[in-house]
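Single-letter residue listing:
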Amino acid sequence: MTLRIDVVTIFPDYLAPLDLSLIGRARRDGLVEVHVHDLRTWTHDRHRTVDDTPYGGGAGMVMRPEPWGEALDEICSAVRGRTPRIVVPGPGGEPFTQAEARRMASEEDWLVFACGRYEGIDERVYEEFAGRYPLSVLSLGDYVLNGGEVAALAMTEAVVRLVPGVVGNEASLVEESHEDGLLEYPVYTKPPVWRGREVPAVLLSGHHGQIARWRHEQRVERTAQRRPDMLDRRAAGDGPQRPTISASE
């Protein structure tokens with residue numbers, strides 16, 4: 001079944017990159033279906049208002065529940081027989097990981113991204129729709145963006161590229177960073193010497209077993225240098241494990 005993605009935002013033009021590169025081609029090839037919606041479509045006043053001051057005081061504005069309620073009511077019932085997962089990008093969510101991207105690509109057939117702005121969406125919207133649909137609040141990292149659009153773009157790309165047929169050489173997905181709890185090994189191409197810097201000799205040897213061992217060692221070393229927390233999780237059995245490469249390979 002074709003993966004469907006809906007994105008609700010007050011800045012539809014922000015999602016224009018979804019027409020480019022691999023995702024654009026996947027859309028044209030019918031591997032994924034993407035719909036971008038302007039939240040202001042579901043407003044009813046002259047100024048198309050989507051926000052108001054927060055109860056209890058405080059800085060900033062809060063997105064009103066009425067347009068969100070009407071938008072999600074309509075969008076989430078657009079396809080009979082299918083149930084969407086609503087995804088709200090935000091810094092207060094659970095970390096979005098490669099494992100979650102792969103789960104979505106393999107298990108979900110419909111994602112609805114609700115892109116908040118300002119100080120966020122009225123909490124009652126979460127309560128209302130979490131009782132009716134699967135709902136995830138997901139964060140790209142421990143920092144704050146102006147809105148959910150950048151995160152929706154990043155998550156969409158991470159998921160769609162894992163859909164079968166989107167990436168031409170699917171073998172390239174196997175040893176990517178985070179796929180098995182390690183970062184990717186360093187890569188090289190022609191020329192063999194550039195500004196006095198040589199490509200590691202093992203990569204020119206043609207010995208596939210030695211190359212595989214070298215790449216695995218480089219992945220472990222790079223992960224230890226840049227993300228030692230990932231090795232800690234692997235050691236504790238909390239992350240994906242990669243089989244040990246034997247000397248005979």
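Coordinates for the structure precede this section.
In this convention, every chain numbers its residues from 1, walking through the sequence in written order. Note on the predicted model: pLDDT of at least 70 is required for a residue's local features to be given, and 80 or more for side-chain atom pairs to be given and counted; whole-chain, interface and lining totals, by contrast, use all residues. With hydrogens and water stripped out, all remaining heavy atoms of the structure feed into the side-chain values.

*Asks:* I'd like to hear about the nonpolar core, residue by residue, with values.
*Replies:* Only buried Ala, Val, Leu, Ile, Met, Phe, Trp, Tyr and Cys residues count toward a nonpolar core, and they belong to the same one when joined by side-chain atoms within 4.5 Å. For every residue, the accessible area obtained with a 1.4 Å probe (protein chains only) is divided by the maximum for its type, and the residue is called buried under 20%, exposed over 50%, and partly exposed between those limits. Ranked by size, the top nonpolar core spans 28 residues in total, and within it I5, F96, F113, V159 and V160 carry the most contacts. Mapped by element, the contributors of at least two residues to this core are strand 1 (3-9), helix 1 (21-28), strand 2 (32-38), helix 3 (98-107), strand 6 (110-114) and helix 5 (149-160). With 7 residues, the top contributor of residues to this core is helix 5. Excluding residues within four positions of it along the chain, F96 makes contact with A101, M104, L138, S139, L140, M155, A158 and V159. If you look at the next biggest cluster of nonpolar residues, it comprises 21 residues, including L39, W42, V88 and V125. Under the DSSP-based scheme used, a helix requires at least four consecutive residues in state H or I and a strand at least two consecutive residues in state E, with every element numbered from the N terminus. We call two residues contacting when some pair of their heavy atoms lies within 4.5 Å.

*Asks:* Any details on the packing of helix 6 (residues 208-226) against helix 7 (residues 228-235)? Residues and values, ideally.
*Replies:* Interaxial angles span 0 to 180 degrees and are taken between N-to-C directions of axes, which are lines fitted to C-alpha atoms, for helices over the stretch in contact. Between helix 6 and helix 7, whose axes approach to 5 Å, the crossing angle comes to 115°. Counted together, V220, T223, A224, Q225 and R226 of helix 6 and P228, M230 and L231 of helix 7 form the full contact between these two elements. Side-chain classes follow a simple rule in which Ala, Val, Leu, Ile, Met, Phe, Trp, Tyr, Cys and Pro form the nonpolar group, Asp, Glu, Lys and Arg form the charged group, and the remainder, Gly included, forms the polar group. Grouping the amino acids of the contact of helix 6 with helix 7 by side-chain chemistry returns 5 nonpolar, 2 polar and 1 charged.

*Asks:* Describe empty space enclosed by the protein, and please don't skip the residues or the numbers.
*Replies:* In this analysis, the protein atoms alone were mapped onto a 1 Å grid. Cavities are point sets where a 1.4 Å probe fits without being able to get out; pockets are open sets with protein on both sides within 12 Å along at least five of seven lines; lining residues have an atom within 4 Å of a point. Grid points are joined across faces, edges and corners, and a volume is the space filled by probe spheres set on the points. Inspection of every chain in the model, using the stated rule, returns 1 cavity of 30 Å³ or more. If you add up the space inside the largest cavity, you get close to 50 Å³. Broken down by element, the lining of the largest cavity gets its largest block of residues, 3 residues, from helix 4 (residues 123-130). A breakdown of the residues in the lining of the largest cavity according to their chemical character gives 9 nonpolar, no polar and no charged.

*Asks:* Outline the pairing of strand 5 (residues 85-95), listing residues and values.
*Replies:* Both strand 5 and strand 6 contribute to a ladder of 3 bridges, which runs parallel. Opposite V87, over in strand 6, you have F113 as the bridge partner. Being paired, for any two strands, means DSSP has found at least two bridges between them.

*Asks:* Got a sec to walk through the sheet that holds strand 5? Specific residues and values, please.
*Replies:* Strand order across the open sheet formed by 5 strands is 2-1-6-5-7, with parallel pairing between neighbours. Edge positions in the sheet fall to strand 2 and strand 7 (135-139), since each of these pairs with one other strand and no more. Averaged over all adjacent pairs, the angle separating strand axes in this sheet is 30°, with direction ignored. Packed on one face of the sheet, helix 5 meets strand 1, strand 2, strand 5, strand 6 and strand 7 and runs near 175° to strand 1.

*Asks:* For the pattern of salt bridges, give the residues involved together with the corresponding values.
*Replies:* For this analysis, a salt bridge means a side-chain nitrogen from Lys or Arg found within 4 Å of a carboxyl oxygen belonging to Asp or Glu. This model, assessed by the stated rule, comprises 17 salt bridges. We note a salt bridge from D6 to R4, for which the minimum N-O separation is 2.6 Å. In this structure, R64 and E66 form a salt bridge, with 2.6 Å as the shortest nitrogen-oxygen distance. Three or more residues are tied together by salt bridges with common partners; here these are R85, E100, R103, E107 and E108.

*Asks:* Which residues make up the layout of surface pockets, and what are the values?
*Replies:* Estimated volume of the second largest pocket: approximately 380 Å³. Around the second largest pocket, the lining comprises 25 residues; the ones closest to its centre are P89, G90, P91, G120 and L145. At the level of secondary structure, the elements contributing two or more residues to the lining of the second largest pocket comprise strand 5 and strand 7. Broken down by element, the lining of the second largest pocket gets its largest block of residues, 5 residues, from strand 5. Its residues assigned to classes, the lining of the second largest pocket comprises 14 nonpolar, 9 polar and 2 charged.

Distances and angles like these do not, on their own, reveal function.
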